[in-house]
Amino acid sequence: MGGEAPRRTLRASFNKIDSFELSDGTSIPWLAWGNGSAVKDSHDAIEKGVHALKCGIDHIDTAELYQFERETGEAIEESGVGKDRVYVTSKLGWDEDGKPIALNTVRSRIEITVQKLGFIPDLFLIHNPHVVTSEDLVPCWKILEELKDEGQLKSIGVSNFRPQDLNAILSQAKHKPVVNQIEYHPFVLSHLAPVLAIHEQHGIRTEAFGPLTPLLRHSSGGGPLVPVLQRIAERLASQHDQVLDLKAVLLLWTRAMGAVAVSASKNSERIKWLAKVAKLPEDLLTNEEVNEITEVGKKFHFRHYTEHMEVNFPVPNLPSE
Ligand SMILES: NC(=O)c1ccc[n+]([C@@H]2O[C@H](COP(=O)([O-])OP(=O)(O)OC[C@H]3O[C@@H](n4cnc5c(N)ncnc54)[C@H](OP(=O)(O)O)[C@@H]3O)[C@@H](O)[C@H]2O)c1
């Protein structure tokens with residue numbers, strides 16, 4: 001199956017969080033709480049996970065590398081929400097030494113992921129193209145395809161894949177990756193143009209990690225995006241009675257671009273805030289507002305997580321400040 005992944009979300013699910021369609025016919029809630037960056041220890045991963053679920057978040061992003069797969073399963077159990085109401089993503093990682101893993105360990109690693117979670121994740125990704133050697137990348141994807149065909153995995157996708165990585169697996173794929181989870185926000189759009197073109201051609205849904213980077217991690221605190229986001233926040237307050245901060249507007253832009261937002265927090269109040277943003281109605285931003293954020297962002301290049309996407313994938317000659 002190919003073609004652009006639709007930007008509109010599906011009808012609200014049980015707890016009012018809308019979903020995007022994936023190319024394999026399944027759907028994915030548009031916003032996830034990740035336990036990879038903000039959460040530091042096992043106790044937090046369970047406690048904050050339970051809190052996120054009780055606030056209504058229905059999508060948890062975890063990974064073998066985060067070492068919180070068991071805690072993800074425990075949080076769902078403890079929350080009482082029920083696994084059938086929570087979408088879970090996990091990812092194939094490497095060992096602590098960061099060396100590529102051997103192909104003959106892939107199946108057993110995935111078995112351990114399933115054991116730790118206590119269920120098959122709804123979505124399973126190759127965490128980055130360097131998890132295996134470049135020669136092993138296509139064979140690794142083939143193993144994920146086999147596991148899917150055997151019913152041992154559900155949806156399968158990739159993360160931090162550059163054009164060369166996507167092209168390598170797409171040329172031989174039986175099942176195309178349904179998502180590519182990448183750092184995605186206005187300040188990486190120019191660099192990502194070739195990646196996004198491949199997503200569009202093959203119906204690969206963009207998943208955006210680090211979506212708040214321009215506001216949280218850029219030295220200017222958002223630079224030229226700030227007045228644009230501010231103006232939109234003011235319009236939403238006056239026309240829709242929605243009092244939203246700039247971070248919420250940036251997450252709404254992510255959604256309006258058709259990307260799943262993968263954010264994080266260990267702070268209880270901010271988790272509650274994230275759940276509130278997740279439940280906002282679709283189409284709060286006008287097309288003009290979405291395009292304005294896009295156009296302002298495209299004139300800069302700033303990435304927080306540089307370790308995978310900027311290797312052998314030249315960055316554009318644009319100001320970072
Ligand atoms: N596939 C990959 O290679 C990859 C790489 C990176 C991340 N991820 C996934 O994406 C998730 C999110 O990544 P990210 O942390 O970069 O996302 P982000 O949404 O850009 O940033 C989240 C950070 O922002 C802070 N924050 C959240 N809401 C806030 C608010 N309203 N005001 C102020 N600060 C706020 C949080 O700190 P507090 O805890 O203090 O609230 C948290 O540390 C990870 O947990 C992981 O699941 C995947």
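Per an unreviewed UniProt entry, the protein chain carries the name NADP-dependent oxidoreductase domain-containing protein and comes from Agaricus bisporus var. burnettii.

Where do I start with the UniProt feature "active site" (unreviewed entry) in the protein chain in this structure?
UniProt's feature table lists "active site" (unreviewed entry) at Tyr66, given in the numbering used throughout. Apart from residues lying up to four places away in sequence, Tyr66 is in contact with Asn35, Gly36, Asp61, Lys91 and His127.

Can you help me understand the layout of surface pockets in this one?
To find leftover empty space, a probe the size of one water molecule is rolled over the atoms. One number sums up the size of the largest pocket: a volume of about 930 Å³. Lining the largest pocket are 38 residues, and of these Ser37, Ala38, Arg217, Ala264 and Tyr305 sit closest to its centre. Only strand E8 (179-183), strand E10 (260-263) and helix H10 (268-278) provide two or more residues apiece to the lining of the largest pocket. Broken down by element, the residue count for the lining of the largest pocket peaks at three residues, all from H10.

It is not clear to me how the environment of Glu307 should be interpreted in this structure. Could you clarify?
With respect to the secondary-structure elements, Glu307 resides in the segment after helix H11 (287-298). Using a relative accessible area of 47% as the deciding quantity, one classes Glu307 as partly exposed. Between the C-alpha atoms of Glu307 and Asp241, which are 66 residues apart in sequence, the distance is 41 Å.

Where do I start with the site of the ligand in this structure?
In the vicinity of the ligand there are 29 residues, among which Ser37, Ser263, Ser265, Arg270 and Tyr305 approach most closely. The contact in question runs from an oxygen atom of the ligand to an N or O atom on the side chain of Asn160, over 2.8 Å. Contact between the ligand and Gly210: an oxygen atom at 3.5 Å from a main-chain N or O atom of the residue. Considered on its own, the ligand offers 900 Å² of accessible surface; in the complex 88% of this is hidden by protein.

Got a minute to help me understand the side chain of Ser265 in this structure?
With respect to the helices, strands and loops of the structure, Ser265 is situated in the loop between E10 and H10. Engagement of the side chain of Ser265 in a polar contact is seen with the backbone nitrogen of Asn267, the distance being 3.0 Å. Setting aside anything within four residues of it in sequence, one finds Ser265 in contact with Trp33, Ala38, Arg270 and Ile271.

How do you make sense of the UniProt feature "domain: NADP-dependent oxidoreductase" (unreviewed entry) in the protein chain when you look at a structure like this?
Look at the UniProt record and you will see "domain: NADP-dependent oxidoreductase" (unreviewed entry) annotated at residues 33-296. This span, residues 33-296, is 47% helix and 13% strand, and a straight line between its end C-alpha atoms measures 27 Å.

Please clarify how the packing of aromatic side chains should be interpreted in this entry.
Aromatic ring pairs: the centre-centre distance and the angle between the two ring planes describe each pair. Inspection of every chain in the model, using the stated rule, returns three aromatic pairs. For the pair Tyr184 and Trp253, a centre-to-centre distance of 5.6 Å together with 20 degrees between the ring planes defines the contact as stacked. Placement of Tyr184 in the loop between E8 and helix H6 (189-202) and of Trp253 in helix H9 (residues 246-256) is noted, with a sequence separation of 69 residues between them. The exposure classification of Tyr184 matches that of Trp253, with both residues buried.

How do you make sense of the side chain of Ser263 when you look at a structure like this?
Take Ser263: it is sitting in strand E10. The contacts of Ser263, once residues within four sequence positions are left out, are Ala32, Trp33, Gly34, Pro211, Leu212 and Leu274.

Would you mind going over the sheet that holds E8 with me for this structure?
Two orientations exist for strands paired in a sheet by backbone hydrogen bonds: parallel and antiparallel. The eight strands lie next to each other as E3-E4-E5-E6-E7-E8-E9-E10, forming a closed barrel whose pairing is parallel. This sheet shows a mean twist of 25 degrees between the axes of neighbouring strands, independent of strand direction. Pairing of strand E3 (residues 31-34) with strand E4 (residues 59-61), which is carried by two bridges, proceeds in the parallel orientation. Within E4, the position partnered with Gly34 by the bridge is Asp61. Sheet strands touched by helix H3 (residues 106-117): strand E5 (87-92) and strand E6 (123-126). Its angle to E5, the strand with the most contacts, is close to 150 degrees.

Would you mind showing me how to read the nonpolar core here?
As a rule of thumb, nonpolar side chains are buried together in soluble globular proteins. Membership of the largest hydrophobic core comes to 93 residues, with the highest contact counts inside it found for Leu144, Tyr184 and Trp253. In this structure Leu144 touches Val106, Ile110, Phe124, Ile126, Leu153, Ile156 and Gly157, once residues within four positions along its chain are discounted.

Just to check I follow, could you spell out unusual backbone geometry for this structure?
The general pattern is negative phi for most residues beyond glycine and trans for most peptide bonds. One non-glycine residue with positive phi stands out, namely Asp283, at about 65 degrees. As for its position among the elements, Asp283 is in the loop between H10 and H11.

The rules behind each value
- Residues numbered from 1 in each chain as written.
- Predicted model: local features only at pLDDT ≥ 70, side-chain atom pairs only at ≥ 80, totals over all residues.
- Heavy atoms only, no water.
- UniProt positions renumbered as here; feature names shortened; annotations may be inferred.
- Contact = heavy atoms within 4.5 Å.
- 1 Å grid on protein atoms, 1.4 Å probe; cavity = no way out; pocket = protein on both sides within 12 Å on 5 of 7 lines; lining within 4 Å.
- Points joined across faces, edges and corners; volume = space filled by probe spheres on them.
- Helix = DSSP H or I, 4+ residues; strand = E, 2+ residues; numbered from the N terminus.
- Buried < 20%, exposed > 50% of the residue type's maximum accessible area, 1.4 Å probe, protein only.
- Near = heavy atom within 4 Å.
- Polar contact = N/O pair within 3.5 Å; in protein donor to acceptor, adjacent residues only side chain to side chain.
- Areas by Shrake-Rupley, 256 points an atom, 1.4 Å probe, with all protein chains shown as cover.
- Phe/Tyr/Trp six-rings, centres within 6.5 Å; stacked < 30°, edge-to-face > 60°.
- Pairing = 2+ DSSP bridges.
- Axes fitted to C-alpha atoms, helices over the stretch in contact; angles between N-to-C directions.
- Core = buried A, V, L, I, M, F, W, Y, C linked by side-chain atoms within 4.5 Å.

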